Amino acid sequence: MGYNQYMERVNLLGFPIDTYDMPESIEYIKAKKGHVVTINPEMIDYALKHKEFEKIIKEAELIIVDGVGVQLGLRILGHSVKRIAGIEFAKRMLLELSCKPIALIGAKTYVMEKAINNLKEEIPNINIVYSQDGYFNDENKVIEETIQKEPELILVAMGSPKQEELIYKLKSKLPNAIMIGVGGSFDVWANEVERAPKIYQKLGLEWLYRTIKEPKRFKRIFPTLPLFVLRVLKEKWS
Ligand code: UDP
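These figures come from a predicted structure and were not determined experimentally.

(A) The arrangement of the packing of helix α2 (residues 41–49) against helix α3 (residues 51–58) in detail. Relative to each other, α2 and α3 sit at 125 degrees, their axes nearing to 5 Å. It follows that α2 is oblique to α3 by the angle criterion. Read as a crossing pair, α2 and α3 show a hand that is left-handed. When α2 is examined against α3, the residues Met43, Tyr46, Ala47 and Lys49 are found in contact with a partner set consisting of Lys51, Phe53, Glu54 and Ile57. In terms of residue class, the contact of α2 with α3 is made up of five nonpolar, no polar and three charged.

This is the structure in structure tokens:
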């Protein structure tokens, strides 16, 4: 077995966080199946205000730390956890399960198509059985179509909370699938959005680079990040 099955989850503001590294996370979810969440302070903030979303997150099979915000929160509580970039995790899963039936849902139509073309070039044997952009009106139809194709890996790129809500609905119908909410990953794979330079990635400051490039993102991070840190400090001292 490629992962420590007795590894404990750590607790952050009532949310379970997994501490596996990348290879362990991959082995674990391949065996366990289910929902992978790449958690960040904005999601925790939203979950604390929306019970249904909180339930979705807490029931996820694997919750990985993507950004410095959650990493910092955990460090304040005395846990040292490595970050796993969600986009890299998703790519690794595509490579690992390329021959299995794969569904891709999300992003604008042309972005999704471009991402698929690029993925097919990079992973020639990739077995994409279903694709759908992320701007549909009939959710039930998308759910039905997805179920019929019986995918074993589903990537949903619709941003939070939409992607997690859709995954939750699919999860009960496809118990043998691995499902990952991948945010803006299709935009990156389509070469529509650049990932931050390596130095930003290394320092965990990808969000800062994206905020500089797209200042409207500032609203999403601020005041969520400082409030999140305050909440964690409050938990530590209580
Ligand atoms: N998106 C979508 N449907 C929607 C809203 C957004 O498919 O109703 C897509 C959007 O086109 C983009 C992706 O969701 O490809 C992620 O958006 P964002 O960058 O806001 O997510 P983040 O990575 O910051 O979570």
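(B) Fine view of the nonpolar core. Counting 37 residues, the largest nonpolar core has Phe89, Leu155 and Phe186 as the members making the most contacts within it. Of all the secondary structure elements, the ones that give two or more residues to this core are α1 (22–32), β4 (62–65), α5 (86–96), β5 (102–106), α6 (109–122), β7 (153–157), β8 (178–181) and α9 (185–189). The contact partners of Leu155, leaving out residues within four places of it in the chain, are Ala90, Leu94, Ala103, Leu104, Ile105, Ile180, Val182, Phe186 and Trp189. Among the nonpolar cores identified, the runner-up in size contains 21 residues, and Val10, Ile44, Phe53 and Val65 belong to it.

(C) Up close: unusual backbone geometry. The omega angle of the peptide bond from Ser160 to Pro161 is 5 degrees, so this bond is cis rather than trans. We note that Ala107 has phi near 70 degrees; this positive angle belongs to a residue other than glycine. Along the chain, the position of Ala107 falls in the loop between β5 and α6. Look at Ala107 and you get buried, because its relative accessible area is 7%.

(D) Representation of the environment of Lys33 within the structure. Among the structural elements, Lys33 can be located in the loop between α1 and β3 (34–39). Classification of Lys33 as partly exposed rests on a relative accessible area of 24%. With 28 residues separating them in the primary sequence, Lys33 and Glu61 have C-alpha atoms 7.4 Å apart. Those residues in contact with Lys33 that lie beyond four places of it in its chain are Glu61, Pro175, Asn176, Ala177 and Ile178. Within the local environment of Lys33, its side chain forms a polar contact with the backbone oxygen of Lys30, the two atoms lying 3.1 Å apart.

(E) Focus on the pattern of salt bridges. All chains considered together, the criterion is met by 17 salt bridges. One salt bridge connects Lys30 with Glu96, and the closest N-O pair in it is separated by 2.6 Å. Of the two residues, Lys30 sits in helix α1 while Glu96 sits in helix α5, which places them 66 residues apart along the sequence. Judged by relative accessible area, Lys30 falls into the partly exposed class, the value being 26%. For Lys114, the salt bridge identified is with Glu192, shortest N-O distance 2.8 Å. Of this pair, Lys114 sits in helix α6 while Glu192 sits in the loop between α9 and α10 (198–203), placing them 78 residues apart in sequence.

(F) Broad picture of the packing of aromatic side chains. Scanning the model with the defined rule gives five aromatic pairs in all. Note that Lys58 overlies the ring of Phe15, its terminal NZ or CZ placed 5.1 Å from the centroid.

Cut-offs and rules
- For every chain, the first residue of the written sequence is number 1, and numbering continues from 1 along that sequence.
- The predicted origin of the model limits local features to residues at a pLDDT of at least 70 and limits the giving and counting of side-chain atom pairs to 80 or more, whereas totals for whole chains, interfaces and linings rest on all residues.
- Heavy atoms from the whole structure form the basis of all side-chain values; hydrogens and water molecules are not counted.
- Angular values range over 0 to 180 degrees, each being the angle between N-to-C directions of two axes fitted as lines to C-alpha atoms, with helices fitted over their stretch in contact.
- Secondary structure counts use DSSP, requiring at least four H or I residues in a row for a helix and at least two E residues in a row for a strand, with both numbered from the N terminus.
- When describing relative orientation, an angle under 35 degrees is termed roughly parallel and one over 145 degrees roughly antiparallel, while 65 to 115 degrees is termed roughly perpendicular and anything else oblique.
- For a crossing to be left-handed, the near helix must be turned anticlockwise from the far one by less than a right angle; the clockwise case is right-handed.
- Should any heavy atoms of two residues lie within 4.5 Å, those residues are counted as being in contact.
- Ten residues, namely Ala, Val, Leu, Ile, Met, Phe, Trp, Tyr, Cys and Pro, are considered nonpolar, four, namely Asp, Glu, Lys and Arg, are considered charged, and the remaining ones, Gly among them, are considered polar.
- As used here, the term nonpolar core means buried Ala, Val, Leu, Ile, Met, Phe, Trp, Tyr and Cys residues forming a set that is joined through side-chain atoms within 4.5 Å.
- Think of it in three bands: with a 1.4 Å probe and only protein chains considered, a residue is buried below 20% of the maximum accessible area for its type, exposed above 50%, and partly exposed in between.
- The definition of a polar contact used here is a pair of N or O atoms within 3.5 Å, where within protein one atom must be able to donate a hydrogen and the other to accept one, and adjacent residues in sequence count solely through side-chain atom pairs.
- By definition here, a salt bridge exists when the distance from a side-chain nitrogen of Lys or Arg to a carboxyl oxygen of Asp or Glu is within 4 Å.
- Classification of ring pairs rests on two measures: the distance between centres of Phe, Tyr or Trp rings, Trp counted by its six-membered ring, which must be within 6.5 Å, and the angle between planes, read as stacked under 30 degrees, edge-to-face over 60 and tilted in between.
- Both a distance and an angle decide whether a charge sits over a ring: NZ of Lys or CZ of Arg must be within 6 Å of the ring centre and within 35 degrees of the ring normal.

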